[in-house]
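Structural features, examined
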Amino acid sequence: DQQVKQNSPSLSVQEGRISILNCDYTNSMFDYFLWYKKYPAEGPTFLISISSIKDKNEDGRFTVFLNKSAKHLSLHIVPSQPGDSAVYFCAARGNAGNMLTFGGGTRLMVKP
Amino acid sequence: GAVVSQHPSWVICKSGTSVKIECRSLDFQATTMFWYRQFPKQSLMLMATSNEGSKATYEQGVEKDKFLINHASLTLSTLTVTSAHPEDSSFYICSAPPQGVDGYTFGSGTRLTVV
């Protein structure tokens, strides 16, 4: 049972345009959501997070939107840069413990 | 920010041997450490949670006798893959719970190849 899903395995975007990465979850007990960027053979790098009591959090080029009723969150990157090319994981934390549940990841390719 | 140092970065071992992976919290104390495994082009799957001073908690389907976890101190957690087999080849990553606003801190990962 996959509680966190990223339905798009890959996304290709032109440099300077907006990248939108989506994530859906099924567990209504998740109270904290995070986005990570990952390169092969490296650990994930934290990008941005959002608490379930908010619907938007912004940090520079990165904005995360949370729609609790739809159990959906998205990461917007604008403007996209070639250096943003990587695999992006969304993760969720339940209030029953501190562990994270990860989505399957979306490979973002930003073309110059 | 908080840093978790993970070693080794990669290791190749023969079938039947054991491999130890270490994760150290460099500038903070971690009473808990999460251990994940990632197969190629797949997500990070939680294997177990180590707790300083007590037994680790394993996720369903993870063999505790094969993946020995020890949380020896507030700054060191280890994962030992015992009697490794080729199917254990994977990318193993540790993570410490949030120490501030930067979210969970991850180690750099260990690429294990069993031949």
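Located above this text is the structure these notes cover.
The sections below set out a description of the structure shown in this document. (Residues numbered from 1 in each chain as written. Chains lettered and ligands numbered in written order. Predicted model: local features only at pLDDT ≥ 70, side-chain atom pairs only at ≥ 80, totals over all residues. Heavy atoms only, no water.)

Looking only at helices and strands, chain A has 0 helices and 11 strands in total. Starting at the N terminus and ending at the C terminus, chain A contains elements arranged as β-β-β-β-β-β-β-β-β-β-β. By the compact-globule yardstick of 13 Å for 112 residues, chain A fits well, its C-alpha radius of gyration being 13 Å. With respect to the principal axes defined by its C-alpha atoms, chain A has extents near 45 × 30 × 20 Å. Per-residue burial over chain A gives 45% buried out of 112 residues. Looking at chain A alone, contacts between residues at least 24 apart form 54% of all its contacts between residues at least 6 apart. Just so you have it, chain A exposes about 5,400 Å², and 48% of that area is on carbon and sulfur atoms. The average position of the 12 basic charges and that of the 9 acidic charges among the side chains of chain A differ by 3 Å. (Helix = DSSP H or I, 4+ residues; strand = E, 2+ residues; numbered from the N terminus. Rg over C-alpha atoms; globule rule 2.2 N^0.38 Å. Buried < 20%, exposed > 50% of the residue type's maximum accessible area, 1.4 Å probe, protein only. Contact = heavy atoms within 4.5 Å. Areas by Shrake-Rupley, 256 points an atom, 1.4 Å probe, with all protein chains shown as cover. Lys, Arg positive; Asp, Glu negative; His and termini not counted. Charge placed at Lys NZ, Arg CZ, Asp CG, Glu CD.)

Note on sheets: strands pair through backbone hydrogen bonds, and any given pair is parallel or antiparallel. All names here are of chain B. One open sheet accounts for 4 strands, arranged 1-3-8-7; its pairing is antiparallel. Where the open sheet ends on each side, the last strands, each with one partner, are strand 1 (4-7) and strand 7 (67-73). Across the sheet, the mean angle from the axis of one strand to that of its neighbour is 15 degrees, orientation sign disregarded. Of the pairings in the sheet, the one linking strand 1 to strand 3 (residues 19-25) comprises 4 bridges and is antiparallel in character. Bridge assignment links Q6 to a residue of strand 3, and that residue is C23. (Pairing = 2+ DSSP bridges. Axes fitted to C-alpha atoms, helices over the stretch in contact; angles between N-to-C directions.)

Attention now moves to the nonpolar core. W35, F67 and L112 of chain B are the most contacted members of the largest nonpolar core, which totals 25 residues. Residues contacting F67 of chain B, with those up to four places away along its chain left out, are R37, M47, Y58, V62, L79, T80, V81, D88 and Y92 of chain B. Counting residues in hydrophobic clusters, the runner-up holds 23 residues, among them V13, W35, L73 and V110 of chain A. (Core = buried A, V, L, I, M, F, W, Y, C linked by side-chain atoms within 4.5 Å.)

Contacts between the two partners involve 20 residues from chain B and, on the opposite side, 16 residues from chain A. Here chain B and chain A share an interface that buries about 1,400 Å² over both sides, 63% of which is from carbon and sulfur atoms. Three residues stand out in chain B for area buried against chain A, namely L44, Y104 and F106 of chain B, and they jointly supply 36% of the buried area on that side. In this structure, the connection of chain B to chain A is made through 0 salt bridges. At the junction of chain B and chain A, the tally comes to 5 residue pairs in polar contact (both at pLDDT 80 or more). Put simply, the parts of the chain that give the side of chain B that touches chain A at least two residues each are strand 4 (32-38), strand 5 (44-51) and strand 9 (90-96) of chain B. Its residues assigned to classes, the side of chain B that touches chain A shows 10 nonpolar, 8 polar and 2 charged. (Buried area = accessible area lost by both parts, 1.4 Å probe. Salt bridge = Lys/Arg side-chain N within 4 Å of Asp/Glu carboxyl O. Polar contact = N/O pair within 3.5 Å; in protein donor to acceptor, adjacent residues only side chain to side chain. Nonpolar A, V, L, I, M, F, W, Y, C, P; charged D, E, K, R; others polar.)

Residues and elements named next belong to chain A. Counting buried positions along strand 4 (residues 30-38) gives 8 out of 9 residues, so the element sits mostly inside the fold. In this structure, strand 4 lies alongside strand 5 (residues 45-51), joined through 6 bridges in antiparallel fashion. Opposite L34, over in strand 5, you have S49 as the bridge partner.

This paragraph deals with unusual backbone geometry. Residues other than glycine predominantly adopt negative phi, and peptide bonds predominantly adopt the trans conformation. Geometrically, the link from V78 of chain A to P79 of chain A is a cis peptide bond, its omega value of -10 degrees lying close to zero. Here P79 of chain A shows up in the loop between strand 8 (72-77) and strand 9 (86-94). Residues H7 of chain B and P8 of chain B are joined by a peptide bond in cis, for which omega reads -5 degrees. Relative to the helices and strands, P8 of chain B is located in the loop between strand 1 and strand 2 (10-13). Unusually for a residue other than glycine, K71 of chain A sits at a positive phi of about 50 degrees. The topology assignment puts K71 of chain A in the loop between strand 7 (62-67) and strand 8. Phi is positive for S83 of chain B, which is not a glycine, with a value near 45 degrees. As for its placement among the helices and strands, S83 of chain B is situated in the loop between strand 8 (76-81) and strand 9.

Turning our eyes to something else, we now look at the environment of Y92 of chain B. Residue and element names in this part refer to chain B. Among the secondary structure elements, Y92 is positioned in strand 9. We classify Y92 as buried; its relative accessible area is 0%. Taking C-alpha positions, Y92 is 13 Å from S77, a pair spaced 15 residues apart along the chain. Beyond its immediate stretch of four places on either side in the chain, Y92 contacts Q6, I21, Y36, R37, M47, F67, L79, G109, T110 and L112.

Functional significance is not addressed by these values, which are geometric in nature.
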